[in-house]
Structure formats: C-alpha cells, structure tokens
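Here are the chains, one letter per residue:
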Amino acid sequence: MQAQDRHIPVLLQEVVNFLAPERGGFFLDGTVGLGGHAQALLEGGASELLGLDRDREALALAKERLAPYAARVHLCHGLYADFPSYLAQLGWQRLSGALIDIGVSSMQIDSASRGFSFLSDGPLDMRMDAECGESAQDLLKEASFERLRDILARFGEEPQAEKIARTIVRKRLESPITSTAQLAQLVEQCYPKKWRETARNHPATRTFQALRMVVNDELGQLARFLESILSYLEPDGRLVVITFHSLEDRLVKQTMQRWSRGCLCPPYLDHCICGHTPEVRLLCKKPVQAQASELAQNSRAKSAKLRAVARLK
Ligand SMILES: C[S@@+](CC[C@H](N)C(=O)[O-])C[C@H]1O[C@@H](n2cnc3c(N)ncnc32)[C@H](O)[C@@H]1O
C-alpha cells in the first residue's frame, strides 16, 4: 500500500462543503500533507491551489498524487504561517478558500525514523522539517527541569508532569535520552503499576504530544497564521481549520468568535460608539467532528475538530 493510501484525509466531505471549491478561484492548502484534501478541492473545481508543507517527504508524495492536476497546482516547501510570501511569489492577492489541517500525518507517525511514535523504536527527533530546528533529543538534553515540567503540563496536560520532568533530568545525567523507546519506558515508570494496567492510552501519549508541539512550535505557527489570513480572503472567501489539540481548538474558536462579533462597546453603554462590524460569518456554531461511519474507517479522526468561517463582503 502506498503512503498516500494509508493516510485518510479527515472530515473530507465537510472540508469540501465548507470551502465550496465549485466557485473556482485560488485556494491555499497550508498543510498539504499527502494531498488528500487538495485532490478533493481540485476535483471539486478549485482553479489553482497552492500547497505548503514543512515536510519534504510529504511534499514528494503530494506531488505524485496531484500529478494529474500539475498545471493547476503549486507545491512549496515551507511553513503555513509564512503563506503571504508564497502568495506574493505567485502574484495572488486574494484567496477563495484556505485550509489548514494541523497535526502529524499517518506517514510521519508510522515512520520509526522520524521519532514521533512510542510504538516503534527510533531516534527521538519529532521534527516535521527534518532539516531545521531543535529535535526532541536536543530539547531533552538542554531544557531545565522547570521548562520540561511546564511543557508537559501545558501542552500535554500531563498529570505526572513534575515526576516525569524530574526523572528526565536525573536519567540524562547517567546517559543521554536519544530513542523513543527509552523515553516511553522512562515515562511508563513514572506511573503507578495499577494505572498502567487499566489505562486506555499508553502513559507516554501526553509526553510525546507535548514535546512534538514544542519542537515544531505548533501553537506559534497557528497564532501567526490566524493573525494574517483574514485579510487575504476575498468576500465570501472561506477558511477551514482542523485541529487535534484542545489548546489549538481554543485559539481557533476565540479568534473566529472575535472576527464574527459586531459592536465591541462595553455593555453599560446604551448605544454603540465603536462602529465595529463583523468581519466573518461563522459557518458552524460548534466544532464539526467525525461521525461514527468515519471513525470506523479512521480512528485518527476521533480528536479532530473543524471550524469554518466565510469572510463578509
Ligand atoms: C494531518 S497532515 C495533513 C494531511 C492532508 N490534509 C492530507 O489530506 O493528506 C498535517 C501536515 O501538515 C504539515 N505541517 C504541520 N505543521 C506545519 C506548518 N507549520 N507548516 C507547514 N506544514 C505543516 C505536516 O508536515 C503534515 O504533513
């Protein structure tokens, strides 16, 4: 089976419905990954699509998959938060639609050499762009006890954050922590035996997620993207964001709510003096989540939350 076939795009029909590619125009897929959503947008009528990804391996697979649409596709290695500079290179002023589907792809998770998973042993890397930045291994080597504890608590909501951070700092004095199996075992030992026997998830799940988010500055990328995307959407231009983490979803929710608000005056004023008008229409009041039929095919979709807006005229 090819890697493209192993990665099933999440909430595919919902993405197409909200982005409405049949209107034509320019579309951005900021996390093109293995090209599943991009393919559906191109098939659905998008005139041209810019696909970005920070992972060269993913881009190569997307290029293969999207070869039938090559004349309408521009694929670039880069960060989605830097999208304005890629639009400028293409001479695109406005977008009909933009999508980011943030998280790791099945290909990244399944590849032991990338170090994202505790299920198979590999080097503790976790960089989506294997060419730059600090790896998880470097982070575990350099970070202070306080920083490690805070990372695990904030990004992993890890109840044993303090104990795990303390154990990492102690163990690394004996020998460097360089493999996924080493870290998974270390975390496991921080949990009481009884918990380990009854828990639904591996005890290292939260630790791996937290380190991955920091290594790839995932929240920072999202914040930067949200700061600029609105001004690039044409009237009725659509934005769809799919997240897999509560901190990310909260940021998307609060940002979209702010954009959709009218008057921002304090409630004690009896008439509006700010003149603020809504910039977007929310396309869904609550986050859209995968239905049982999709979950039966793709358990990864379980934690996906989709939010969407349309730019007002
Ligand atoms: C969940 S996958 C996307 C799958 C894709 N929608 C599809 O249908 O195949 C997420 C992808 O986003 C990429 N990615 C994550 N953060 C990124 C960023 N800040 N800039 C560019 N690409 C990013 C990852 O490398 C990964 O390939």
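Let us look at the structure shown here.

Scoring rules and cut-offs
- Residues numbered from 1 in each chain as written.
- Predicted model: local features only at pLDDT ≥ 70, side-chain atom pairs only at ≥ 80, totals over all residues.
- Helix = DSSP H or I, 4+ residues; strand = E, 2+ residues; numbered from the N terminus.
- Rg over C-alpha atoms; globule rule 2.2 N^0.38 Å.
- Buried ≥ 20, exposed ≤ 12 C-beta atoms within 10 Å, placed from the backbone.
- Contact = placed C-beta atoms within 7 Å.
- Core = buried A, V, L, I, M, F, W, Y, C linked by C-beta atoms within 7 Å.
- Near = placed C-beta within 6 Å.
- Nonpolar A, V, L, I, M, F, W, Y, C, P; charged D, E, K, R; others polar.
- Pairing = 2+ DSSP bridges.
- Axes fitted to C-alpha atoms, helices over the stretch in contact; angles between N-to-C directions.
- Right-handed = clockwise from strand over helix to strand, strands pointing away.
- Parallel < 35°, antiparallel > 145°, perpendicular 65-115°, else oblique.
- Left-handed = near helix turned anticlockwise from the far one by under 90°.
- Arc of directions from axis to C-beta.

Of the regular secondary structure elements, the protein chain holds 15 helices and seven strands. Radius of gyration (C-alpha) of the protein chain: 21 Å, near the 20 Å computed for a compact globule of 313 residues. With respect to the three principal axes, the spread of C-alpha positions in the protein chain is 60 × 60 × 40 Å. Residues counted as buried form 42% of the 313 residues belonging to the protein chain. Taking the intrachain contacts of the protein chain between residues at least 6 apart in sequence as the baseline, contacts between residues at least 24 apart amount to 65%.

Time to look at the nonpolar core. Ranked by internal contacts, the top residues of the largest apolar core, which has 53 residues, are A62 and V240. A per-element tally of this core places strand 5 (residues 233–243) first, with five residues. Once residues lying within four places of it in the same chain are set aside, the contact partners of V240 are V15, F18, L19, L99, L306 and A308. Judged by nonpolar contacts, the second largest core, of 26 residues, contains M126, A143, I164 and A165.

In the region of the ligand, 21 residues are neighbours, and P9, T31, G33, G36 and D55 sit closest. Its residues assigned to classes, the shell around the ligand comprises eight nonpolar, nine polar and four charged.

Before going further, it helps to examine the sheet that holds strand 5. Pairing in this open sheet of seven strands is mixed, and the strands run 3-2-1-4-5-7-6 from one edge to the other. On the outer flanks of this sheet lie strand 3 (73–77) and strand 6 (280–282), each paired with one strand and no other. Sheet twist, expressed as the mean angle between neighbouring strand axes with direction ignored, is 15°. Strands in contact with helix 2 (residues 12–19) are strand 1 (26–29), strand 4 (95–101), strand 5 and strand 7 (305–311); relative to strand 5, the strand with the most contacts, it is inclined by about 165°.

Here the focus is unusual backbone geometry. Its identity as a non-glycine residue notwithstanding, M126 has a phi of 70°, on the positive side. M126 sits in the buried class, given 26 other C-beta atoms within 10 Å. We note that D217 has phi near 45°; this positive angle belongs to a residue other than glycine. You can see D217 is positioned in the loop between helix 12 (205–215) and helix 13 (218–229). A residue is classified by how many C-beta atoms lie within 10 Å of it, and D217, with 15 of them, is partly exposed.

Where burial is concerned, the two faces of strand 1 agree: the one with F26 and L28 and the one with F27 and D29 are both buried. What joins strand 1 to strand 2 (residues 48–53) is helix 3 (residues 36–43), and the crossover it makes is right-handed.

Two numbers describe how helix 13 lies on helix 14 (residues 246–260): the axes approach to 10 Å, and their chain directions differ by 10°. When the axes of helix 13 and helix 14 are compared, the pair comes out roughly parallel. The two elements helix 13 and helix 14 cross, and the hand of that crossing is right-handed. In contact with L219, L222, A223 and L226 of helix 13, helix 14 contributes L247, E248, L251 and T255. Partitioning the contact of helix 13 with helix 14 into residue classes produces six nonpolar, one polar and one charged.

The next subject is helix 10 (residues 180–189). Every buried residue of helix 10 is listed here: T180, L183, A184 and V187. An end-on view of helix 10 places all buried positions within 100° of arc, on one side of the element. If you follow the buried residues of helix 10, they end up packed against helix 9 (161–174) and helix 12.

These figures come from the coordinates and say nothing about function on their own.
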